[in-house]
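# Architecture and fold: a report
Residues per chain, in single letters:
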Amino acid sequence: MTLFDNHNRPINYLRLAVTDRCNLRCFYCMPEEGIHYLPKKELLTFEEIYRLVSLFASMGVTKVRLTGGEPFVRTDLMKLIRSIVEIPGIKDLHLTTNGILTSAFIPELKKLGIASVNLSLDTLDRQRFKAITRRDEFEPVMKTLEQLLKEEIPVKINAVVMDGKNIEDILPLVELTRNNKVDVRFIEEMPFNGEGSHYPVLSWTYKKIVSYIQEHHPDLHKLHDADNSTSYNYTIPGYTGTIGVIAAFSRTFCGTCNRIRLTAQGVLKTCLYDNGVLDIKALLRSGVSDDEVKEKLLYAFRHRVKDGFEAEAKRSDHLPVHESMSTIGG
Ligand code: SAM
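Scope of this entry: the structure provided in the associated data block. (Residues numbered from 1 in each chain as written. Predicted model: local features only at pLDDT ≥ 70, side-chain atom pairs only at ≥ 80, totals over all residues. Heavy atoms only, no water.)

### Some remarks on the environment of Val85
Tracing the backbone shows Val85 in the loop between helix 2 (77-84) and strand 5 (92-97). A relative accessible area of 26% places Val85 in the partly exposed class. Along the sequence, Val85 and Ser54 sit 31 residues apart, while their C-alpha atoms lie 11 Å from each other. Setting aside residues up to four positions removed in sequence, Val85 forms contacts with Leu93 and Leu112. (Helix = DSSP H or I, 4+ residues; strand = E, 2+ residues; numbered from the N terminus. Buried < 20%, exposed > 50% of the residue type's maximum accessible area, 1.4 Å probe, protein only. Contact = heavy atoms within 4.5 Å.)

Given below as structure tokens:
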């Protein structure tokens, strides 16, 4: 059974932030100092997550992505992963990680049948990595990439394209797709940086990113985009991997959006750009039954905004988006 929202979009994909903590400080995501992490009791417990994912599965969710913050910063993450893969109805479990602590867990992830890993990597240059992330952790991330490829776990690299910061990395990242079975995805920079600042006009839009790659690879070949794909997908003839470009700020893909999100503090978002539509943690902790939770979820799914622009306009805090992506789960 698949649920459809009020705009006739299926809802079958849950993105779950397991923590708001991170071991990097990427400037486009978090301020360098003054971050107030949630106290542990404000995070959903593993038992609550298990209950919720089971509930979502019974409502037609088949795909789950664990994200954060950095998922591996949460103690005993593997315990949670082991329990989620057992939930009837959950066909695909995916992970988004910065790769710093990940490599040690790759053999078990493989054994558990993880569907894919998204690795965030904005540059292939160690110095620029340090400048962007404010941490000197390039090597463990590259080790994770190597190991994911070795274990043949489907891997996508997420690179945020940042004016003046990593434009020189676009072509080297494209080059990674020459000999590696990897999907490199370039993402428009969004305002989720914890500071509320953004460009008056975004310069590196998806169109500009595609044109830039095309200028250097005139044979860039457009691939068919799967239903619900957030990326425009390409390949270069003779290359092993693929290239994706994600209009995350231009928001061109809302019409087929099949995803819902649970923030680290247990708030439901039915659009990345809203500021939360239901405090599920409070609901669970008030002692309600599964049926009562489902009823509230159904209400939220039937009152989904049309797109990210409407979501931003309707935020209850009446502010433009400003929160850090680490609390939302990118
Ligand atoms: N720690 C994990 C990681 O680094 O992949 C998961 C969480 S991180 C918030 C998820 C993704 O969000 C990363 O690929 C990151 O690059 C992306 N992200 C964070 N802030 C962003 C922003 N302002 N614009 C676009 N993407 C952003």
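### Considerations on the layout of surface pockets
Its volume calculated, the second largest pocket comes out at about 380 Å³. Contributing to the lining of the second largest pocket are 18 residues, with Lys40, Leu44, Phe46, Arg74 and Thr75 lying nearest its centre. Those elements that provide at least two residues to the lining of the second largest pocket are helix 1 (46-58) and helix 2. In terms of residue class, the lining of the second largest pocket is built from seven nonpolar, four polar and seven charged. (1 Å grid on protein atoms, 1.4 Å probe; cavity = no way out; pocket = protein on both sides within 12 Å on 5 of 7 lines; lining within 4 Å. Points joined across faces, edges and corners; volume = space filled by probe spheres on them. Nonpolar A, V, L, I, M, F, W, Y, C, P; charged D, E, K, R; others polar.)

### Quick notes on unusual backbone geometry
Phi at Arg134 takes a positive value of approximately 60 degrees, unusual for a residue other than glycine. Take Arg134: its relative accessible area is 22%, and that puts it in the partly exposed class. Of note, Asn228 is a non-glycine position whose phi angle comes to about 65 degrees, a positive value. Its place among the elements puts Asn228 in the loop between strand 9 (221-222) and strand 10 (231-235).

### What about the site of the ligand?
By nearness alone, 18 residues border the ligand, and Tyr28, Gly69, Glu70, Ser120 and Met190 come closest of all. One of the side-chain N or O atoms of Glu70 is found 3.0 Å from a nitrogen atom in the ligand. Within the contact set of the ligand, an oxygen atom lies 3.5 Å away from a side-chain nitrogen or oxygen of Asn158. Protein contact buries 95% of the 550 Å² of open area that the ligand shows by itself. The set of elements that each furnish at least two residues to the shell around the ligand consists of strand 5 and strand 7 (155-161). Counted by class, the shell around the ligand contains six nonpolar, nine polar and three charged residues. (Near = heavy atom within 4 Å. Polar contact = N/O pair within 3.5 Å; in protein donor to acceptor, adjacent residues only side chain to side chain. Areas by Shrake-Rupley, 256 points an atom, 1.4 Å probe, with all protein chains shown as cover.)

### Here we look at the pattern of salt bridges
This model, assessed by the stated rule, comprises 20 salt bridges. Residue Arg51 pairs with Asp290 through a salt bridge whose shortest N-O separation is 2.7 Å. Within this pair, whereas Arg51 is found in helix 1, its partner Asp290 is found in helix 9 (residues 290-302), the two being separated by 239 residues in sequence. Residue class for Asp290 comes out partly exposed when judged on its relative accessible area of 37%. Ionic contacts of the salt-bridge type, sharing partners, join the residues Asp5, Arg9 and Arg304 into one network. (Salt bridge = Lys/Arg side-chain N within 4 Å of Asp/Glu carboxyl O.)

### Description of the sheet that holds strand 6 (residues 116-120)
Here twelve strands make up an open sheet; going across it, the order is 9-10-11-8-7-6-5-4-3-12-13-14 and the pairing mixed. With partners counted over all chains shown, the strands left at the sheet margins are strand 9 and strand 14 (278-279), one partner each. Direction of pairing for strand 6 relative to strand 7: parallel, over a ladder of four bridges. In the strand pairing of strand 7, Val117 is matched with Val155. With respect to the sheet, helix 1 is in contact with strand 3 (13-17), strand 4 (63-67), strand 12 (259-262) and strand 13 (267-269), its orientation differing from that of strand 3 by roughly 170 degrees. Relative to strand 6, helix 5 (residues 138-150) is tilted by about 155 degrees, and along the sheet it contacts strand 6, strand 7 and strand 8 (182-188). (Pairing = 2+ DSSP bridges. Axes fitted to C-alpha atoms, helices over the stretch in contact; angles between N-to-C directions.)

### Here we look at the packing of aromatic side chains
Within the structure shown, the criterion is met by six aromatic pairs. It is Lys165 that lies over the ring of Phe27; its NZ or CZ is 4.6 Å from the centre. Above the plane of the ring of Trp204 lies Lys208, whose end atom (NZ or CZ) is 4.5 Å from the centre. (Phe/Tyr/Trp six-rings, centres within 6.5 Å; stacked < 30°, edge-to-face > 60°. Lys NZ or Arg CZ within 6 Å of the ring centre and 35° of its normal.)

Don't take any of this as a statement about function, it's just geometry.
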